[in-house]
Amino acid sequence: MPQPDWDGFSFDGIGTRWEISTPRPLDGVLRARLLAVVERYDGDWSRFRSDSTVSAMARQPGRFRLPAEAAALGRLYRRLYDITAGAMTPLIGGSLERLGYDASYSLRPAGSPVPAPRWEDALDWDGNKLTSAVTLVLDIGAAGKGQLVDLLAAELRSHGEDDFLIDASGDLLHSGHEPVSVALEHPYDPSKAIGTVSLAGGALCASASNRRAWGDGLHHVLDGTTGRPVTTAVATWTMADSTMVADALATALFFAPGAVLEESFDFSWLTVFSDGSAAYSAGFEGTLFT
């Protein structure tokens, strides 16, 4: 984690806790600009806010314009949708709501699982313009937090801050010369670690089915083709230059082998399966405890 003499700027945003660590305290103007970036992103993309653009899409179909970052987000999701044959999809929001992960966090299923709409039938995503043929609940949670990390990093660098660690509740982006050692949380016991990794520039992201779980075997990682929670993998870690890419691929590993994803993306990875076994890439610079 960050050097002990670094200053930490902590805040809540998009439903999670953030900390930005820097060698010297960030001034008030920059802190305000960072918070504004978070508020704007949440106001556009959150399915938990009634005033967001995404919530407007859930009320009626039509044409919607989102900020410039929508283009990269849409391209990434479409690639992963195709690679996973529709299992990973931003159209999973309705399926999550069906199982109780809704705007009010009821955590009470409203019925049996339902598949997500097929992208080809429901949505045209062209750059930052989205046209929906039906009402749909867009959920960009698999990559959105990572993208927001990258946007905050760009804001920091534009103000001359090149040494920092952004911690978005476990999704990390490090910039600087001194590496940080990061523990890999045990998927069944958050108080323990299954290993460590040295992060020296770039992003480290994790996804685990126990992070948001409720009911009888229900959690937030759903297969878009069935609407049911995935049961094979239980935790994943990825390292890449882009936090958005690392974040998305941490979820994609629940649906596709890492070796398959490596054919399209430059990243390293670790997957822990429900039977206790693990798989990892040759480039994953971590140490697993045995």
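Described below are features of the structure shown in this document. Because the structure is predicted, anything quoted here is derived from the model rather than measured.

### Notes on the overall build of the protein
Step number 1: Looking only at helices and strands, the protein has 8 helices and 16 strands in total.
Step number 2: Its C-alpha atoms give the protein a radius of gyration of 19 Å, within 12% of the compact-globule value 19 Å for 290 residues.
Step number 3: Per-residue burial over the protein gives 51% buried out of 290 residues.
Step number 4: Within the protein, contacts between residues separated by at least 24 positions form 63% of all contacts whose residues are at least 6 apart in sequence.
Step number 5: About 13100 Å² of surface is accessible on the protein, with carbon and sulfur atoms providing 50% of the total.
Step number 6: Computed over 23 positive and 37 negative side-chain charges, the separation of the two mean positions in the protein equals 7 Å.

### Quick look at the sheet that holds strand S5 (residues 129-132)
Step number 1: Taken together, the 3 strands give an open sheet; going across it, the order is S3-S5-S4, and neighbouring strands pair in antiparallel fashion. Each edge of the open sheet carries a strand with a single partner, namely strand S3 (62-65) and strand S4 (123-126). Each neighbouring strand pair of the sheet contributes to a mean axis angle of 15°, computed without reference to strand direction.
Step number 2: One ladder, built from 4 bridges, connects S3 with S5; its direction is antiparallel. Looking across to S5, one finds that glycine 62 is bridged to serine 132.

### Let's talk about the pairing of strand S10 (residues 202-208)
Step number 1: With 6 of 7 residues buried, S10 lies mostly within the body of the structure.
Step number 2: Relative to S10, strand S7 (residues 171-175) runs antiparallel, the two sharing 3 bridges. By the bridge assignment for S10, leucine 173 is matched with alanine 203.

### Thoughts on the pairing of strand S13 (residues 233-240)
Step number 1: With 8 of 8 residues buried, S13 lies mostly within the body of the structure.
Step number 2: The sheet contact formed by S10 and S13 spans 6 bridges and is antiparallel. Bridge pairing in S13 links leucine 204 to methionine 239.
Step number 3: Where S13 and strand S14 (residues 268-273) come together, 6 bridges link them in antiparallel fashion. Residue pairing for S14: threonine 236 is matched across the bridge by threonine 271.

### A few points about unusual backbone geometry
In most cases, non-glycine residues show a negative phi, while peptide bonds are predominantly trans.
Step number 1: The residue alanine 85 is not glycine, and still its phi comes out positive at about 55°.
Step number 2: With respect to the helices, strands and loops of the structure, alanine 85 is situated in the loop between helix H3 (70-83) and helix H4 (93-98).
Step number 3: Even without glycine at this site, serine 169 takes up a positive phi of about 50°.
Step number 4: Topologically, serine 169 is positioned in the loop between strand S6 (164-168) and S7.

### Some remarks on the pattern of salt bridges
Step number 1: In this structure the tally under the stated criterion is 16 salt bridges.
Step number 2: For glutamate 39, the salt bridge identified is with arginine 49, shortest N-O distance 3.1 Å. On the criterion of sequence distance, the pair formed by glutamate 39 in helix H1 (residues 28-45) and arginine 49 in the loop between H1 and helix H2 (53-59) is long-range, its members being 10 residues apart.
Step number 3: The shortest N-O distance in the salt bridge between aspartate 51 and arginine 49 comes to 3.0 Å.

### Overview of the packing of helix H6 (residues 144-158) against helix H7 (residues 243-252)
Step number 1: Orientation of H6 relative to H7, taken along the N-to-C sense of each, is 165°, at an axis distance of 7 Å. With respect to each other, H6 and H7 are oriented roughly antiparallel. In this structure, the crossing between H6 and H7 has a hand that is right-handed. Residues Gly144, Lys145, Gly146, Gln147, Val149 and Asp150 of H6 pack against Thr243, Met244 and Asp247 of H7.
Step number 2: When grouped by side-chain class, the residues that make up the contact of H6 with H7 number 2 nonpolar, 4 polar and 3 charged.

### Looking at the packing of aromatic side chains
Step number 1: Inspection of every chain in the model, using the stated rule, returns 6 aromatic pairs.
Step number 2: By way of ring pairs, the aromatic residues Tyr41, Trp45, Tyr81, Trp119 and Trp125 are connected into one cluster.
Step number 3: Above the plane of the ring of phenylalanine 265 lies arginine 79, whose end atom (NZ or CZ) is 4.2 Å from the centre.

Parameters and conventions
Residues numbered from 1 in each chain as written. Predicted model: local features only at pLDDT ≥ 70, side-chain atom pairs only at ≥ 80, totals over all residues. Heavy atoms only, no water. Helix = DSSP H or I, 4+ residues; strand = E, 2+ residues; numbered from the N terminus. Rg over C-alpha atoms; globule rule 2.2 N^0.38 Å. Buried < 20%, exposed > 50% of the residue type's maximum accessible area, 1.4 Å probe, protein only. Contact = heavy atoms within 4.5 Å. Areas by Shrake-Rupley, 256 points an atom, 1.4 Å probe, with all protein chains shown as cover. Lys, Arg positive; Asp, Glu negative; His and termini not counted. Charge placed at Lys NZ, Arg CZ, Asp CG, Glu CD. Pairing = 2+ DSSP bridges. Axes fitted to C-alpha atoms, helices over the stretch in contact; angles between N-to-C directions. Salt bridge = Lys/Arg side-chain N within 4 Å of Asp/Glu carboxyl O. Parallel < 35°, antiparallel > 145°, perpendicular 65-115°, else oblique. Left-handed = near helix turned anticlockwise from the far one by under 90°. Nonpolar A, V, L, I, M, F, W, Y, C, P; charged D, E, K, R; others polar. Phe/Tyr/Trp six-rings, centres within 6.5 Å; stacked < 30°, edge-to-face > 60°. Lys NZ or Arg CZ within 6 Å of the ring centre and 35° of its normal.

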